[in-house]
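As a plain string of letters, each chain reads:
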Amino acid sequence: EPITGLQKHMENTPFMRKVKRVLKQVPDEHKQFNPMDMKVFPTSKFHQAYHHYIKVVSTHLNMGSSASADPLNDVNSITVYQMLEQSQIVFYDEVNVPEARFSYDMSPMSVVVQKEGRKWYDYLTSLCAIIGGTFTTLGLIDATLYKVFKPKKL
């Protein structure tokens, strides 16, 4: 029972609220945090065991801008670790005891997931481009039609 109370308390900390808020905005393909959860690795015979190879990749999630220049205090930025997992079954000699093995490899590379919004002047520039393009196209059509259907002087 005390563990449940502690878990509820941990979910309501400012850090956990920040993590939940940022993770809601992350695309699903960048959510490989627990790849082995809810997986079962059965063996069909004696003297078999699985070896698991886990690549750990640090991932910096920047989901919007805030007034804080310090990334540690930024309310829209966290660093998490994604794991990519591969498992294979290994066969042991009869004299050896099978063991589940977990090998971790820390990746020197890092993934940065960043959400960038459009500035107001991007919309204004796009609107001006549409209006200018329409004006130019209509002007070319008008000039062409004028030359084609211009009354001929005798």
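What you see is a predicted model; the values in this text were computed from it and never measured. (Residues numbered from 1 in each chain as written. Predicted model: local features only at pLDDT ≥ 70, side-chain atom pairs only at ≥ 80, totals over all residues. Heavy atoms only, no water.)

A. Geometry of the overall build of the protein chain. The secondary structure content of the protein chain amounts to three helices and three strands. Walking the protein chain from its N terminus toward its C terminus, one meets helices and strands in the order α-α-β-β-β-α. Buried positions account for 19% of the 154 residues belonging to the protein chain. Long-range pairs, those at least 24 residues apart, make up 77% of the contacts in the protein chain between residues at least 6 apart in sequence. Put simply, the protein chain shows about 12800 Å² of open surface, and 61% of that area lies on carbon and sulfur atoms. (Helix = DSSP H or I, 4+ residues; strand = E, 2+ residues; numbered from the N terminus. Buried < 20%, exposed > 50% of the residue type's maximum accessible area, 1.4 Å probe, protein only. Contact = heavy atoms within 4.5 Å. Areas by Shrake-Rupley, 256 points an atom, 1.4 Å probe, with all protein chains shown as cover.)

B. A look at the packing of aromatic side chains. On inspection of all chains with the given rule, the structure shows two aromatic pairs. Plain terms: the ring middles of W120 and Y121 are 5.8 Å apart, the flat faces sit at 80° to each other, and that makes the pair edge-to-face. The class of W120 is exposed, set by a relative accessible area of 63%. Note on Y121: relative accessible area 43%, which makes it partly exposed. (Phe/Tyr/Trp six-rings, centres within 6.5 Å; stacked < 30°, edge-to-face > 60°.)

C. View of the sheet that holds strand β2 (residues 77–91). The three strands are arranged β2-β1-β3 in an open sheet whose pairing can be described as mixed. Here the strands that pair on one side only, and so sit at the sheet edges, are β2 and β3 (101–115). Strand after strand, the sheet turns through a mean of 20° between neighbouring axes, direction not considered. As defined by bridge partners, strand β1 (residues 48–63) adjoins β2 across 15 bridges and the pair is classed as antiparallel. From the neighbouring strand, S58 faces β2, where its bridge partner is Y81. (Pairing = 2+ DSSP bridges. Axes fitted to C-alpha atoms, helices over the stretch in contact; angles between N-to-C directions.)

D. Highlighting unusual backbone geometry. Backbone geometry at H47 places phi at a positive 60°, although glycine is not the residue there. Its place among the elements puts H47 in the loop between α2 (14–24) and β1. Since its relative accessible area comes to 26%, H47 is described here as partly exposed.

E. Local environment of a nonpolar patch on the surface. The grouping of W120, Y121, L124, L127 and I131 at the surface amounts to a nonpolar patch, some 580 Å² of accessible area in total. Examined against the element boundaries, L127 turns out to sit in helix α3 (residues 120–148). (Patch = residues over 30% accessible without salt bridge, like charges linked within 9 Å, V, L, I, M, F, W, Y side chains within 5 Å. Salt bridge = Lys/Arg side-chain N within 4 Å of Asp/Glu carboxyl O.)

F. Looking closely at the pattern of salt bridges. Using the criterion set out here, one finds three salt bridges in the structure. A salt bridge links K39 to E85; its shortest N-O distance comes to 3.4 Å. Placement of the pair is K39 in the loop between α2 and β1 and E85 in strand β2, with a sequence separation of 46 residues. The exposure class assigned to K39 is partly exposed, which follows from its relative accessible area of 44%. Note that R101 and E99 form a salt bridge whose closest N and O atoms lie 2.8 Å from each other. Looking at E99, the relative accessible area reads 39%, which means it is partly exposed.

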